[in-house]
Amino acid sequence: MSMGSDMYRQQILDHYRNPRNQGELPEPTFSHEGYNPSCGDELEFDVELRDDGETIERVAFRGEGCAISQASASMLSEKLPGMTLDEVDELDRDDVLDMLGVEVTPMRIKCAVLSEKVVQDGAEIYAGEADEVDQTTTED
Amino acid sequence: MEATEQAPLDVEAIRADFPILEREVADGRDLVYLDNAATSQTPDQVVDAIADYYRRYNSNVHRGLHELSQEASVAYEDAHDKLAEFVGGEDREEMVFTKNTTEAENLVAFAWGLNELGPGDEVVLTQMEHHASLVTWQQVAEKTGAEVKYIPITDEGYLDMDAAAEMITEDTQLVNVVHVSNTLGTVNPVGDLADIAHDHDAFIFVDGAQAAPTRPVDVQEIDADFYAFSGHKMLGPTGIGCLYGKRHLLEAMEPYLYGGMMIKKVTYEDSTWNDLPWKFEAGTPVIAQGVALAEAVDYIEDVGMEAIQAHEEELTEYAYDRLTETGDVDVYGPPGDDRGAVVSFNVDGIHAHDLSSILNDYGVAIRAGDHCTQPLHDTLGVAASARASFYLYNTREEVDALVDAVDEARDIFA
Ligand SMILES: Cc1ncc(COP(=O)(O)O)c(C=O)c1O
């Protein structure tokens, strides 16, 4: 079997069917949304920080789209609590692909990294390091 | 593969002209190419015509300078006649070569729209317009103060013709309608819309990108003022599109691009424009592509456009029936026996992009996304759809391969 179907391993499908941390937080420190025009994937993340102002306490997300984008968001939502915003900033594409644990075909990388980009952009805007944008897109 | 029983086409012989169809993809699977509405494959005859041009008479088209140029000029000009005739136009003067359908839309938008439209004027499109026209006229409206209106579609994916009759008024300057929808497959009554438009002294631009490759087109019978299509969707090369325009309209229009070839006399102060259609073909034009597209028309005419249409209709209906067998598939647009050769659909619980990734593993090439009709997908209430589209070389077996691969996707997502 070649790569594509290999993307749809049990773990991915499980997170797609039963997304973790789906929903909203009552008092998020910041929220941010993003869009992947190539698949039409949409994600919005709520992030709540601890009192130290830099460590993530909880996250929740809502979204719609392909299995890769939604599973990636669900898995990231499990990974984020306990991480500092600096650590989030250092996440890159390879970290996301490691997290997914499957080989993502080149055409679908944007779906995979949308969740990471949304949280990173949200954090940067919150920290005042980036200009306010309404929406992150994978085309930037 | 065997030709289908009902189809009068010798599909086996046709496939022999398309070596790419023998290709394997996805680690050794036979390619099942069902993305023809995006781009069709190119037969050897057309590839040979390109090679022959470059091998034998490649040169610029300034008539009479030397023998190669003479040959290239004649071939290029004859290609205009052939393409004009292909859609029922009178002669080369009514046939402008562009880059693609999109550029043909832009040509009229820039050369006519930006100059002629203003506040109070209306351009009437349909809810199923491709971005090629939708985005273009949106921008013209923004720049001129004109207004864009959209003829709605019915639940079945037909144009609401009662609404059309009400929306097209004295204020309407142009109606732009897609002849065959690249998403719904709807075959629109372009002749009726032309009548309505003309009753109100409006022009009609027909987007024939999906129609010209798949059915006989007669611009005079439709009474289209403009008719556009793309070479790469009708067995021709990329890089060439066609704009048919009524002669008196093209004559009255300002040029779209300026430069060499499109002029008659140039002084430091002023210039005059060349005759049609060259007035709209500034700079060195699409010579190799034009010659090759003429060859593609020969190929289509040798096979027979009616036979191609019948073959596609048969495959489309078969695909529609097979895909809807299970009840968990939404197909958008009119019933299977009344549509062009595209079938856009979604399978319950499987995003179109996931579906197409899995289909790719079984060698099945389809399109997934919004097919450049985002507003239409909004109207349909979905972000994306999967689209299979057929052409003269496709077979029932390939439709079966599609349906089998969809089954595999169901298993994965079950
Ligand atoms: C109905 C329709 N109009 C316009 C276009 C644009 O064609 P092109 O990309 O060749 O300009 C397409 C194809 O993508 C189409 O299907």
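Cut-off values and rules
Numbering of residues begins from 1 in every chain and follows the order in which that chain's sequence is written. For naming, the first written chain is A and the first written ligand is 1, with later ones following in the order written. Residue-level local features of this predicted model are given only where pLDDT is at least 70; pairs of side-chain atoms are given and counted only at 80 or more, and the full residue set underlies all totals for whole chains, interfaces and linings. Computation of side-chain values: all heavy atoms of the structure, hydrogens and water removed. Helix and strand definitions follow DSSP, with helices as H or I runs of at least four residues and strands as E runs of at least two, each counted in order from the N terminus. To get the radius of gyration, use the C-alpha atoms; to get the globule rule, take the number of residues to the power 0.38 and multiply by 2.2 Å. Whether a residue is buried, partly exposed or exposed follows from its accessible area with a 1.4 Å probe, protein chains only, as a fraction of its type maximum: under 20%, in between, or over 50%, in that order. The contact criterion used throughout is that any non-hydrogen atoms of two residues lie within 4.5 Å. Proximity is defined per residue: if any heavy atom of the residue lies within 4 Å of a molecule or strand, that residue is considered near it. Two N or O atoms form a polar contact when they lie within 3.5 Å of each other; inside protein one atom must be a possible hydrogen donor and the other a possible acceptor, and for residues adjacent in sequence the pair counts only when both atoms belong to side chains. Accessible surface is estimated by sampling points in the Shrake-Rupley manner with a 1.4 Å probe; for residues, cover comes only from the protein chains shown. Any Lys or Arg side-chain nitrogen found within 4 Å of a carboxyl oxygen on Asp or Glu counts as a salt bridge. Note that Gly is not counted as nonpolar here; it falls among the polar residues with everything else outside the nonpolar set of Ala, Val, Leu, Ile, Met, Phe, Trp, Tyr, Cys and Pro and the charged set of Asp, Glu, Lys and Arg. At least two DSSP bridges between two strands are needed for those strands to be called paired. For helices, the axis comes from a line fit to the C-alpha atoms of the stretch in contact; other axes are also lines fit to C-alpha atoms, and the angle between any two N-to-C directions lies between 0 and 180 degrees. Domain limits in this description derive from either an automatic procedure or a database domain assignment. Buried area counts how much accessible surface, traced with a 1.4 Å probe, disappears from two parts once they are put together, with both parts' losses summed. Think of it this way: a Phe, Tyr or Trp ring, Trp meaning its six-membered ring, pairs with another when their centres are within 6.5 Å, and the plane angle makes it stacked under 30 degrees, edge-to-face over 60, tilted otherwise.

Looking only at helices and strands, chain A has six helices and four strands in total. In sequence order, the secondary structure elements of chain A are arranged as α-α-β-β-β-α-α-α-α-β. Relative to its length of 140 residues, chain A is compact, with a C-alpha radius of gyration of 14 Å against a globular reference of 14 Å. C-alpha extents for chain A along the principal axes are approximately 50 × 25 × 25 Å. Burial analysis of chain A (140 residues in total) assigns 51% to the buried set. Partitioning the intrachain contacts of chain A with sequence separation of at least 6 by distance along the chain shows that 64% fall at a separation of at least 24.

Looking now at the site of the ligand. All names here are of chain B. Taken together, 13 residues lie near the ligand, and Thr102, Asp207, Gln210, Ser230 and Lys233 sit nearest. In this structure, Asp207 approaches the ligand through a side-chain N or O atom, which is 2.5 Å from a nitrogen atom. Between Lys233 and the ligand, the recorded distance is 2.8 Å, taken from a side-chain N or O atom to an oxygen atom. Out of a free accessible area of 390 Å², the ligand has 89% covered by protein chains.

With that out of the way, let us pick up the interface of chain A and chain B. The interface is formed by 21 residues belonging to chain A together with 17 residues belonging to chain B. The interface formed by chain A and chain B contains one salt bridge. Salt-bridge contacts for B:Asp354 lead to A:Arg108; the nearest nitrogen and oxygen are separated by 3.0 Å. At the level of elements, α1 (3–6), α2 (10–17) and α3 (67–79) of chain A are the ones that each hand at least two residues to the side of chain A that touches chain B. Examining the composition of the side of chain A that touches chain B, we find that four residues originate from one element, α1(A), more than from any other. When its residues are assigned to classes, the side of chain A that touches chain B shows 11 nonpolar, six polar and four charged.

Attention shifts here to the sheet that holds strand β4 (residues 95–98) of chain B. Residue and element names in this part refer to chain B. Strand order in the open sheet formed by seven strands is β4-β10-β9-β8-β7-β5-β6, and the pairing between neighbours is mixed. Two strands bound the open sheet, and with one partner strand each, they are β4 and β6 (147–151). For this sheet, the mean inter-axis angle between neighbouring strands, taken without regard to orientation, is 20°. Of the strand pairs in this sheet, strand β8 (residues 203–207) and strand β9 (residues 226–230) are connected by three bridges, and their pairing is parallel. Looking at the pairing, Val206 lines up with Tyr227 of β9. Of the strands in this sheet, β4, β7 (172–178), β8, β9 and β10 (241–245) are in contact with helix α4 (residues 101–116), which crosses β8 at around 160°. Here helix α5 (residues 131–144) sits on the sheet and contacts β5 (122–126), β6 and β7; the angle it forms with β6, its principal contact strand, is near 150°.

This part covers the domain arrangement of chain B. In many reports, interface size means the accessible area that the parts give up when they come together. All names here are of chain B. Each assigned domain of chain B is listed here: domain 1 (3–39 + 305–413) and domain 2 (47–302). One C-alpha centre belongs to domain 1, the other to domain 2, and the line joining them spans 28 Å. Listed by partner, the interface residues are 35 residues for domain 1 and 31 residues for domain 2. Between domain 1 and domain 2, the buried area comes to about 2700 Å², and carbon and sulfur atoms account for 58% of it. Among the residues domain 1 hides against domain 2, the three largest losses belong to Met305, Leu376 and Tyr391. Together they make up 23% of the total. Counting every contact that joins domain 1 to domain 2 gives zero salt bridges.

What follows covers the packing of aromatic side chains. Scanning all chains against the criterion turns up 18 aromatic pairs over all chains. Between the aromatic rings of A:Tyr16 and B:Phe413, the centroid separation amounts to 5.8 Å while the plane-to-plane angle is 90°, which identifies the pairing as edge-to-face. Within this pair, whereas A:Tyr16 is found in helix α2, its partner B:Phe413 is found in helix α14 (residues 396–413), the two belonging to separate chains. With a relative accessible area of 10%, B:Phe413 lands in the buried category.

So, about helix α12 (residues 352–361) of chain B. All names here are of chain B. In terms of residue burial, α12 counts as a mostly covered element, since nine of its 10 residues are buried. Buried residues of α12: Ala352, His353, Asp354, Leu355, Ser356, Ser357, Ile358, Leu359 and Asp361, and no others. At the exit of α12 stands Gly363, carrying a positive phi of roughly 85°.

The subject of this paragraph is the pairing of strand β11 (residues 263–266) of chain B. Residues and elements named next belong to chain B. As judged from the two bridges shared by β11 and strand β12 (residues 271–273), these two strands associate in the antiparallel manner. Within the sheet, the bridge partner assigned to Val266 lies in β12 and is Ser271. Turn length for the β11-β12 hairpin, with the two strands adjacent in sequence and antiparallel, is four residues.

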